[in-house]
Amino acid sequence: MTKTLLPILLTLLALTACSNSKTQEAAEPTPHPTRGVWLTNVDSDALFSKTGLEAAVEHCARLGFNTIYTVTWNRGYTLYPSAVMEKTFGVRIDPKLGGRDPLQELIDLAHAKNIRVVAWFEFGFASSYKEADGGYLLRQKPHWAARDSAGQIVSKNGFQWMNAFDPEVQDFVLSLVKEVVEKYDVDGIQGDDRLPALPSLAGYDSLTVAAYQTEHDGQRPPMNYKDTAWVDWRANRLNDFMGRMSRELRALDSTLTLSFSPSIYPWSKFEYLQDWPTWVKNGWVDEICPQVYRYDIEAYRSALNAIVNEQVAPEQHHLLAPGILLKVGDYIASDTLLRQMVEHNRSLGLEGEVFFFYEGLKRQEAFFEELY
């Protein structure tokens, strides 16, 4: 009897061990609390070689980060081989990255370290940076341009914009996001202060004006681009797109984290038509990372308190992972300021945050080793 059962028991034990091994390999990293960092292709070389990515992932893992938000769409180029871009514009990937697939490389490296990868569509509806004609996207498709009251291509803070109200433009941007979700094992996607967004200077193109007139007895939009009702009308159109994007992405992958890092409200609405508290209220997002980019602790506390006390309901506070400015240009936040910001997050019951951006980790190693 014992001799008969022994081979069976050994087989069962082997199968169980194999099953457990596969389960561990396939296990998803715990999404909360978020300990995140943005990885860029500006002021950083990490994405430009596999060696650079290996070093970045190893660095993040050693410091205790569990999420990397990697730029995927920037200055009119994808940072992965895109069939959508090749078909629409004849450009498969950022020329500086030809022959590689940095997104897949990062996913493989990060998942091996139990780090989540969120595809960050940094440029959103922006077509170019410091190219007055909107770059090659708008040179090929000039009818996609957002227009101001003078009929010029909308340009703000150096960025030129596509018309986020145009169904063709919406379909194009959403097709890029969906392509990544369908093609890659990403843990989430992220829009920021440019997705969905559009400077409030915009809305004076013929398509948008005609839509406004249809709903307002033939009246043209106010020339004051910050007229409250005019701002509301356009913000609501972006809200409609946000709702559509949420529904379609959830239909593709119900486990996907829908993350967004908008500007601070209500500035975000009057400057970029981002009514993001409505996105949270309507359940369209799984994570919200407001860019609480402040250079002193009192300003940080004031901005974050308004978010927690006025803009996001208590039952949705778990969705918050504030964006903290770590480095920009020559500026590096001090470890004292960083510690005060994180401590304020915890005092409000917020357990996670995201730091902008990766290169700053190298300057504050001791702080992050202690923090995470």
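To keep things clear, this report deals only with the structure shown in the data block. Everything numeric here is computed off the predicted structure, so don't read it as measured data.

1. A short note on the sheet that holds strand β6 (residues 126-129)
Across the sheet, 3 strands lie side by side as β6-β8-β7; this open sheet has antiparallel pairing. At either end of the open sheet lies a strand with only one pairing partner, and these are β6 and β7 (155-156). Looking at chain direction, β7 and strand β8 (residues 159-161) are connected through 2 bridges and run antiparallel. Residue S155 lies in a different strand from β8, and its bridge partner there is Q160.

2. Thoughts on the pattern of salt bridges
Oppositely charged side chains can pair when the atoms bearing their charge come close. Inspection of the entire model under this criterion finds 22 salt bridges. The shortest N-O distance in the salt bridge between R244 and D171 comes to 2.8 Å. Of this pair, R244 sits in helix α8 (residues 228-252) while D171 sits in helix α6 (residues 167-183); the two residues are 73 residues apart in sequence, bridging distant segments of the chain. The class of R244 is partly exposed, set by a relative accessible area of 23%. With relative accessibility at 39%, the residue D171 sits in the partly exposed group. Among the ionic contacts, a cluster of salt bridges with common partners joins D171, K178, R244 and E248.

3. Comments concerning the sheet that holds strand β1 (residues 35-39)
Within a beta sheet, neighbouring strands are joined by backbone hydrogen bonds and run either parallel or antiparallel to one another. Strand order in the open sheet made by the 8 strands is β11-β10-β9-β5-β2-β1-β15-β12, with parallel pairing throughout. Of all strands in the sheet, those bounded by a partner on one side alone are β11 (287-288) and β12 (323-325). Relative to strand β15 (residues 353-356), β1 runs parallel, the two sharing 3 bridges. Within β15, the residue paired with G36 across the bridge is V354.

Thresholds applied
Residues numbered from 1 in each chain as written. Predicted model: local features only at pLDDT ≥ 70, side-chain atom pairs only at ≥ 80, totals over all residues. Heavy atoms only, no water. Pairing = 2+ DSSP bridges. Helix = DSSP H or I, 4+ residues; strand = E, 2+ residues; numbered from the N terminus. Salt bridge = Lys/Arg side-chain N within 4 Å of Asp/Glu carboxyl O. Buried < 20%, exposed > 50% of the residue type's maximum accessible area, 1.4 Å probe, protein only.

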